[in-house]
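Geometric and topological summary
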Amino acid sequence: MKIVIIDYGAGNIQSIKFAIERLGYEAILSSDPAEIKTADKVIFPGVGEASSAMKMLKSTGLDKLIPTLEQPVLGICLGMQLMCTYCEEGDTDGLGIFHANVVKFDNKLKVPQIGWNKIYDLKSPLFSGISEGEFVYLVHSFYVKECSETISSTEYGVEYTSAIQKDNFYGVQFHPEKSSEAGEKILGNFLKLEVRN
């Protein structure tokens, strides 16, 4: 299986690569459209600020490529947020894959949210073998509002989308590579998803 982690300068990609290797797979780091198109699975990571990350995607043409991919794609943290329609951070238009907006947590809360929190209302094969209320690791100041594409929810002052899916596109707000056994299981479930023809 060919697994490509999109390397566009805005992701903690080595820790994801190591997590995949712990599961017994190899992953390639690449920003080459031909390499990405021929992958069986694509992982779209992201940390940092939305508008600068989107500029990096645009500079390589990946903003046009990613929405056209037909294999399973997993956006992680900022990667998931950039797959949405709009990010309040930096007043940024996203890739428009998910019909959801990304907004900032209320200032009354400790922001960013850093640490372990529960996921619930799990609605996808991504969560096969994962219990309701499982803990995952999150670091973020902005969140995706709940929508029809939400496949897991988390509560932090407000109930929000911690995972999302539309067709072959998946996104998780949490870091599976930092979420212990549950995170590895979710990553493994993604890598085992069937490719739709």
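Since the structure is predicted, the reported quantities are computational estimates derived from the model, not experimental observations. (Residues numbered from 1 in each chain as written. Predicted model: local features only at pLDDT ≥ 70, side-chain atom pairs only at ≥ 80, totals over all residues. Heavy atoms only, no water.)

Attention shifts here to the UniProt feature "domain: Glutamine amidotransferase" (unreviewed entry) in the protein chain. Per the UniProt record, "domain: Glutamine amidotransferase" (unreviewed entry) is found at residues 4-191. Counted over residues 4-191, helix gives 25% and strand 34%. Its end C-alpha atoms are 11 Å apart. (UniProt positions renumbered as here; feature names shortened; annotations may be inferred. Helix = DSSP H or I, 4+ residues; strand = E, 2+ residues; numbered from the N terminus.)

With respect to burial, strand β12 (residues 159-166) is a largely interior element, 6 of its 8 residues being buried. In this sheet, β12 lies alongside strand β11 (residues 150-155) in antiparallel orientation, the contact comprising 5 bridges. From the neighbouring strand, Thr 150 faces β12, where its bridge partner is Ile 164. What sits between β11 and β12 in their antiparallel hairpin is a turn of 3 residues, with Gly 157 showing a positive phi close to 80°. The antiparallel pairing of β12 with strand β13 (residues 169-172) creates a hairpin that spans 2 residues between the two strands, and Asp 167 there sits at a positive phi of about 55°. (Buried < 20%, exposed > 50% of the residue type's maximum accessible area, 1.4 Å probe, protein only. Pairing = 2+ DSSP bridges.)

Time to look at the environment of Gln 14. Within the secondary structure layout, Gln 14 lies in helix α1 (residues 13-22). Looking at Gln 14, the relative accessible area reads 38%, which means it is partly exposed. Sequence separation of Gln 14 and Ala 163 is 149 residues, and the distance between their C-alpha atoms is 22 Å.

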